[in-house]
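Architecture and fold: a report
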Amino acid sequence: MKNSKHEEDIGLIKDLMEKSSKFSNLSGIAVIATGFLAIVGASLIYFDIGISISEIHISYAELINQTANPDSLLIKLKLLISIASLILLSSLVLLYVTAKIKSGKEGIKLFNSTFSRTLKSLFVPLFSGGVFCLFLLYHHMYGLVAPATLIFYGLGLVSASKYSYSELEFLGYFELVLGILASYYMGSGLLFWIIGFGLGHIIFGLFIHFKYDQK
Amino acid sequence: MEGFNLLNKAFDSRVRLGLMSILSVNEWISYKEVKNLLDLTDGNLASHVQALEKINFLEIKKQFIGKKPLTTYRITTIGKNAFKDHISGLEKLINK
């Protein structure tokens, strides 16, 4: 029978459709680096390692319980937001530049439809989550910010995984579970954050590196 | 045998079948990208592309980005329909 040839043909078609329509130009090393950035940033905030611009030391617990005086809380909060934004920005730049280099090497234009679909599905939840977090800050619900970032990021990853690495789905669920746990253990939000954004990215980065980049 | 009538001789070759698979889920896609996806060497791809262009299954666009030439391909409606028929032909034959 010629049946097996037909099956092989269908297999080849499916395989190539998937390979050519999924964004797969992340650099594993860069993902690992973003994990370390997250750990460094979160530790700075969590352990309050003498970089407070104001020399006022407020622990994360004091911040979310708002037990310190309001002025120093505000300063601490500004510091926290600056560090978080800095991490986010440098991570995005790092991922973008390395993806650009990687796609250049493979002769692929980074800005193709796959890439934009991935970005869109990731950033719709992420952006709404970001705005939501700003309102949490506005309403002084500091303790829920870390859990909320984890949850919205998880949702973004799950939806982006359709157009990119299918393994992103697992990372997404991981972040979601951590975010939900962190909402319950509110005082430990930053620790969950370190696990999710730090450890999660390092493991995922290693995985990408050895499974895809090494080929 | 039902199904065989839907198969297209143009897709007998694995390279052409692969090429059409890629084109069917993408907009304009570059020579280099296709070459990498199909794991081909230079020159191997060109003859297949020309054969498919001849029967109007794909269109070729040649342009310059700065000083570098860039060749891109896109599937035509005729090509898309032929490829769809071919796939349903394959599926019918498998599900017999």
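Described in the following lines is the structure provided in the data block. (Residues numbered from 1 in each chain as written. Chains lettered and ligands numbered in written order. Predicted model: local features only at pLDDT ≥ 70, side-chain atom pairs only at ≥ 80, totals over all residues.)

1. As for the overall build of chain A
Across its full length, chain A holds eight helices and zero strands. Each helix and strand of chain A, ordered N terminal to C terminal, gives the series α-α-α-α-α-α-α-α. When the backbone C-alpha atoms are referred to their principal axes, chain A occupies close to 80 × 30 × 25 Å. For chain A, long-range pairs separated by at least 24 residues make up 70% of all intrachain contacts whose partners lie at least 6 apart in sequence. (Helix = DSSP H or I, 4+ residues; strand = E, 2+ residues; numbered from the N terminus. Contact = placed C-beta atoms within 7 Å.)

2. Thoughts on the pairing of strand E3 (residues 68-75) of chain B
All names here are of chain B. Sheet topology places strand E1 (residues 29-30) next to E3; two bridges connect them, and they run antiparallel. Counted as the bridge partner of isoleucine 29 is tyrosine 73 from E3. As paired elements, strand E2 (residues 58-65) and E3 share eight bridges and run antiparallel to each other. For glutamine 63, the partnering residue across the bridge sits in E3 and is leucine 70. The turn joining E2 and E3, which pair antiparallel and follow one another in sequence, is formed by two residues; a positive phi near 65° is taken by glycine 66. (Pairing = 2+ DSSP bridges.)

3. With respect to the packing of helix H7 (residues 168-184) of chain A against helix H8 (residues 189-213) of chain A
Residue and element names in this part refer to chain A. Their axes nearest at 9 Å, the elements H7 and H8 cross at an angle of 170°. In terms of orientation, H7 lies roughly antiparallel with respect to H8. Facing Leu171, Phe174, Glu175, Leu178, Leu181 and Ala182 of H7, the residues of H8 in contact are Gly189, Phe192, Ile195, Gly196, Gly200 and Phe204. When the residues that make up the contact of H7 with H8 are grouped by side-chain class, the tally is eight nonpolar, three polar and one charged. (Axes fitted to C-alpha atoms, helices over the stretch in contact; angles between N-to-C directions. Parallel < 35°, antiparallel > 145°, perpendicular 65-115°, else oblique. Nonpolar A, V, L, I, M, F, W, Y, C, P; charged D, E, K, R; others polar.)

4. Some points on helix H2 (residues 31-38) of chain B
Within H2 of chain B, the full set of buried residues consists of Glu33, Val34, Leu37 and Leu38 of chain B. On an axial view of H2 of chain B, the arc spanned by its buried residues comes to 120°, and they lie on one face. The inward-facing, buried residues of H2 of chain B abut helix H1 (3-21) of chain A together with helix H1 (14-24), E1, helix H3 (44-54) and E3 of chain B. Immediately beyond the C-terminal end of H2 of chain B, within one or two residues, lies aspartate 39 of chain B, with a positive phi of roughly 60°. (Buried ≥ 20, exposed ≤ 12 C-beta atoms within 10 Å, placed from the backbone. Arc of directions from axis to C-beta.)

5. With respect to the sheet that holds E3 of chain B
All names here are of chain B. Read across the sheet, three strands follow the order E1-E3-E2 without closing on themselves; strand pairing throughout is antiparallel. Of all strands in the sheet, those bounded by a partner on one side alone are E1 and E2. Running at roughly 85° to E3, H1 makes contact with E1, E2 and E3 of the sheet.

6. Here we look at the nonpolar core
All names here are of chain A. Judged by nonpolar contacts, the single largest core of 41 residues is most densely connected at Ala42, Ala146, Leu150, Leu157, Leu190, Phe192 and Trp193. Those elements that provide at least two residues to this core are helix H2 (28-46), helix H3 (60-65), helix H5 (113-138), helix H6 (145-160), H7 and H8. It is H6 that contributes the most residues to this core, eleven residues altogether. Excluding anything up to four places from it in sequence, leucine 150 contacts Glu175, Leu178, Gly179, Ala182, Phe192, Trp193 and Gly196. (Core = buried A, V, L, I, M, F, W, Y, C linked by C-beta atoms within 7 Å.)

7. Details of the interface of chain A and chain B
Across the boundary between the two partners, chain A contributes 17 residues, which contact 19 residues of chain B. With twelve residues, H1 of chain A is the largest single contributor of residues to the side of chain A that touches chain B.

8. So, the packing of H2 of chain A against H8 of chain A
All names here are of chain A. Between H2 and H8, the shortest axis-to-axis distance is 7 Å and the interhelical angle comes to 165°. Compared by their axis directions, H2 and H8 come out roughly antiparallel. The chirality of how H2 crosses H8 is left-handed. Of the residues in the contact of H2 with H8, the class split is 18 nonpolar, seven polar and one charged. (Left-handed = near helix turned anticlockwise from the far one by under 90°.)

9. Notes on H7 of chain A
Residue and element names in this part refer to chain A. Under the 1.5 Å per step criterion, the end-to-end length of H7 is 25 Å for 17 residues, consistent within 8% with the ideal 24 Å. Along H7, the residues classified as buried are Leu168, Leu171, Gly172, Glu175, Leu178, Gly179 and Ala182. Projected onto a plane normal to the axis of H7, the buried residues spread over an arc of 130° and lie on a single side. The secondary structure elements touched by the buried residues of H7 are H6 and H8. (Expected span 1.5 Å × (residues − 1).)

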